[in-house]
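An overview of the molecular structure
Single-letter residue listing:
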Amino acid sequence: MTADRDIDRETNPADRIARLRIRLPPVNVFRLADLERLARRVEDCRGAEVLILSGLPAAFSAGVDVADHVPEADSIERMLRAMRLVLEALVETPALTVAAVSGACLGGGAEIVSACDLVVAADDARIGFPEIRLACFPPGAVALLPLRIGSARAWDWILTGRVVSGREAALAGFATRSVEPGSVDAAAERLANELAAKSSAATGAVRSLIREERREALARVLPRAEAAYLRLAGSPDLAKAVAQFLKKN
């Protein structure tokens, strides 16, 4: 991990809020080690009442490194396992989770946001699951996205790979609210302070209830989605799409 690539953690016991900022410039593309580190960072914040997860102004996260989608060795299986660790950590943490989304929020980045309790997005954020363009699909979104925006809209987003604005994401229910560009961090802070000021017993009870479906989806749907993804690992379509992407980029 170089000095300019990290997942910064700030915890303030006085305000009961923990803050994690993904800082993997230029657009927060995750490598396997980054996903594993993020899962550990989330677990390290278990003592907080609220956890704010944010990224860079240019991108919450543009997804997982396409090189980790190649079928050689066990890279795909390791990538799936690392993403699962992050999603499970977010659903199991005792802290209420608030995602602050600016810029690009694509693929694996959007899957991570799908696991959060509340989402504040910039009006002009770009949110979507473009994996279908690489002849694959996002297993985490298959499990979690229908719970956020309904099955019909979820399958539309996943099958077309289209990217929506933060404003449209809020209207669809993916984001809790959208705000003016440049004000996402401040809006997330206000929301986190509002949540932290409430009864921890009451918010804890609600937190457990609102996560029941996500827990069940990760336990029941995600393994099937991962198995289907692994079956694509040897497909000529995936290999060709990844090779073409890597050659262009």
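Notes on the structure in this doc start here.

What counts, and where the lines are drawn
- Residue positions are counted from 1 within each chain, in the order its sequence is given.
- With the structure being a predicted model, the display of local features is reserved for residues of pLDDT at least 70 and the display and counting of side-chain atom pairs for 80 or more, all residues being used for whole-chain, interface and lining totals.
- Hydrogens and water molecules were not included; the side-chain quantities draw on all heavy atoms of the structure.
- Here, any two strands with at least 2 DSSP bridges between them count as paired.
- Only runs of H or I of at least four residues qualify as helices and only runs of E of at least two qualify as strands under DSSP, and these elements are numbered from the N terminus.
- The convention used is that axes are lines fitted to C-alpha atoms, helices contributing only their stretch in contact, and that angles between N-to-C directions extend from 0 to 180 degrees.
- A 1.4 Å probe rolled over the protein chains alone gives each residue an accessible area, and that area as a share of the maximum for its type sets the label: buried under 20%, exposed over 50%, partly exposed in between.

**Focus: the sheet that holds strand β5 (residues 59-61)**
One open sheet accounts for four strands, arranged β5-β8-β10-β11; its pairing is mixed. Looking at which strands have only one partner, the edges of the open sheet turn out to be β5 and β11 (163-165). For this sheet, the mean angle separating the axes of adjacent strands, direction not counted, is 20°. Looking at chain direction, strand β10 (residues 126-128) and β11 are connected through three bridges and run antiparallel. Bridged to R126 within β11 is S165.

**A closer look at the pairing of strand β2 (residues 17-23)**
For β2, the tally of buried residues reaches five of seven residues, placing the bulk of the element in the interior. For strand β1 (residues 6-12) and β2, the ladder comprises seven bridges, and the chain directions are antiparallel. When the bridges of β2 are listed, N12 appears paired with I17. Judged from the five bridges that link them, β2 and strand β4 (residues 50-54) form a sheet pairing that is parallel. Along β4, the bridge assignment pairs R21 with S54.

In short, geometric facts, not functional conclusions.
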